[in-house]
Structure formats: structure tokens, C-alpha cells
Amino acid sequence: MHPVVKPALRRGWRDLNTVQFGMTPAHALTLGPVDTATGSFLELLDGTRGLPLLREEGSRMDVPACQVDALVGRLARAGLVDDARGGGPDADALREKTDVIERLRPDLATLSLTTQEPGGALARLAARRALRVQVRGAGRVGALLASVLSGAGVGEVDVRDVGRVEPWDVAPGGLPAESLGTRRDTAARAAVRRAAPDRPPRHVHSPGSGAGEPGFSLVILAPRDDVAVHAPDPFTAEPLMAAGTPHLYAGVVEGTGVVGPLVLPGESGCARCLHEDRTDRDPAWPRLVAQWRSGRARRVGACDVTLATAVAGLAAAHALTFLDGESPSGAGARWEVSVPGLNWRARPVRPHPGCGCGAARRAAERAEREDSSTDGEPRATMAVQRPSTKRGREPGAARPTGTWRAHV
Ligand SMILES: [Zn+2]
């Protein structure tokens, strides 16, 4: 291990022997008491030295070897230390590609804030390269969203749509003006390629390989049709539900941006759960939906470029959080934002007992388990504290990246 104090967090001394890592309540931690010698020793944790050399240099600075080990261990447990050489073979391969790493440095820095284990950030970034994601819909939201995922290092982003690029599809970061009149899916895939920091590794996917082709880690439904955004059609999602493929909804309908729900089949509320719940609340809902669906599809909706960009950004962020193996905050919720106030709010998408997806049953089982267990052991690390009582980071239940097992 070559420890490096995470460079993403600014360091400051709160007093003579308390050091604060980070500025914001969400990620800042304090460490103390730290004597002057240890304070100077912290400067050596820059990733250029392994532990034996650190112990050697520490002893010259009046920091005994056992104290060096204890300090590094304490910082590592607090999630403040990265390993400049860690992360495993895929991380090593990525580390060799210095130009790609330079492109993704801000993304890597963000990952360092959300991963606890040393070397974990680069491991996650490397894992993104092996992921396959599909975006269905290449309008203002879908094309930009696909490009953002590609720019964030997701190895394969496939885009599906029909028709040709219309003038109103064009948006910064999405479909360019030069693509007018060309096929939407072709133009969106080209945008995805332009956004990629690197060519995907060869083993990811070879087109037309057919049998044995792995499925998508995530499918994002970003329809251009605003009725499909407002009232996601459960029939469209049926193959995804049957295959156990996680999917995320995103789009804009009449000046309202929608992100979610992220559907984990059999675990969290799906499109049919949403439909059933709405019908319970408003008996006229199915009648209205039938009329909206049978009406002529609108070619141009109220989907201004700022709203489309905000929706694409949040949807891509939720997608990446899920793909990186964190507990998805978008599962079981539909985030909505409307002009002109633009305040994001989450509406719950509860598993519906009348839906066959099984999420309601699972939720009931979970509630029963939680009732019977005595959870909540304290996670406090000795002498490492957050400066604020407001906690932003939650431990969450991390999964291996890119994996999802459905319990249908
Ligand atoms: Zn359901």
C-alpha cells in the first residue's frame, strides 16, 4: 500500500492539534489530537512511499513505526486514505492509460469521496469500463444522458431510437446541428463515441457476437413522447421485468422534468406499481391515460434546453450511483422538477400489492425482518468526527459494481 491522503479534501487546522479534512458537511471529517510531529508526517502521505519507507522516514521525525501504522490504519478506516497503487488488475491497467486518467481525474476525485477502501475509487472507475448500458430514446434528454454516461467512463452505451434528427432534437452535449436529417440512433451513437474518454476495452462487447452476449447492467428509458414520460407504459417494461433488468425512467413532460423510478425488478416499485397506485388515488387516471395515448403524438413538447440538461444530468448521476454499486437513491422514487420554480422533489413509487412484480411482497418481508432485528450499532471511529451534526454520507449497502440479482 502506498497511502495518499485523499487530495479531493482540503486540509485545515481547526486548532493546534485538530485537523479537518474537507470543507463541506457531507464529506468533511476531523482528526485529533494530532501532535506537531504527526502533523508534519501527514505531508509524507502523498502516494509516493510504501509503508516500509514511511516507517523509516517517520522514525527520523520522531514518529515511531507503531504510530505510523496506527495513523495510516485510522485514516484508512475513516475513508481518508487512498492507495496510489491499489484497486486490483483492472485499476492497474487503467493507471497505465495516463491520458484517460487525466480526462477522468475529477470523476476519480468524486469516487474517492464515496469509496471507503483504499484503491476503491480507481477500482470503480475501472469497473465502469466493462459495463453495458442502453438508452432508449435519443431526444434532447436521451442523447445527452447517453453522452454523459460515456464521458463518465461507462464502457458501452448503446442508444436506440427511430426516425431522423429534427431541428428541435439538437442540444448542447447531445445531438449536434451537423446531424440534422441523419438517423437519430446513429447520430446519438456518434455523440456517445465523441464523449468517451477512451475506446472501450475489447472484451466489453463485440457487435453481432450473438449467443452468450451479456445483458445490460441498466436500461434507461428516455422517451421523446411526453405521454410515455408522464405515464410509463407497463407493457413496454414487461420484457425488462421478465429478464430482471434494472431500468430507469427519465424525461420531460410539459415543463416538468422526471427522473425515476429506478426499477429493480421484484425489489422496488415498477411502472405497473406506479399505474396501480395512481389509479387508487384518482379513478379517472386510466381514462385520461387512454385518451392521451390514443391522441396524436406531439412532435415538439415544452422541453427547454436547461430543463432537458438538468434531467439528463440527474438521471445520469442516479444511473452511475447504481452502476458503481451504491444503494440507489432513485429506487422507489420519482424525482420531479417543474418550471419556473425548479425545486426537485421526490414522490414515492410504492410497490403495489396488485402488481405481479413481487416488490410489495419483498417490502413486507423486509419490514418484518427489520422489526425483529435490533439494528443500529454505532459506527463512530475513535477520535474521527464530522464537524457537523448533519450527516450526508450513509453507509448504504454496497454491491459489486455492475451486478444486480433480481428476486422475482
Ligand atoms: Zn410492480
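Keep in mind it's a predicted model, so treat the numbers as computed, not measured.

Draft legend 1. The sheet that holds strand β6 (residues 132-136), seen in detail. Read from one edge to the other, the open sheet built from seven strands follows the order β7-β6-β8-β9-β10-β11-β12, with strand pairing classed as mixed. Each edge of the open sheet carries a strand with a single partner, namely β7 (156-160) and β12 (345-348). With strand direction ignored, the average angle separating the axes of adjacent strands in the sheet is 20 degrees.

Draft legend 2. Looking closely at the confidence of the model for the chain. Mean pLDDT for the chain: 88, with 87% of residues reaching 70 or above. Here residues 376-382 scores under 50 on pLDDT; set against residues more than four positions off or in separate chains, the count is three contacts. This stretch, residues 387-397, has a pLDDT under 50; its non-local contacts, to residues over four places away or in other chains, come to 15 contacts.

Draft legend 3. Helix α3 (residues 65-77), seen in detail. Across its 13 residues, α3 extends 18 Å between first and last C-alpha, which sits within 8% of the 18 Å expected from 1.5 Å per residue. All of the buried residues along α3 are Val68, Leu71, Val72 and Leu75. Across the axial projection of α3, the buried residues extend over an arc of 95 degrees, all falling on one side. Turned more than 90 degrees away from the buried face of α3 sit Cys66, Ala70 and Gly73, all of them exposed. Structurally, α3 contributes buried residues whose contacts are with β1 (3-5), α1 (36-42), α2 (51-60) and β5 (81-83). Note on α3: the residue one or two positions beyond its end, glycine 79, has a positive phi of about 75 degrees.

What counts, and at which threshold
- Residues numbered from 1 in each chain as written.
- Predicted model: local features only at pLDDT ≥ 70, side-chain atom pairs only at ≥ 80, totals over all residues.
- Pairing = 2+ DSSP bridges.
- Helix = DSSP H or I, 4+ residues; strand = E, 2+ residues; numbered from the N terminus.
- Axes fitted to C-alpha atoms, helices over the stretch in contact; angles between N-to-C directions.
- pLDDT = per-residue confidence, 0-100.
- Contact = placed C-beta atoms within 7 Å.
- Expected span 1.5 Å × (residues − 1).
- Buried ≥ 20, exposed ≤ 12 C-beta atoms within 10 Å, placed from the backbone.
- Arc of directions from axis to C-beta.

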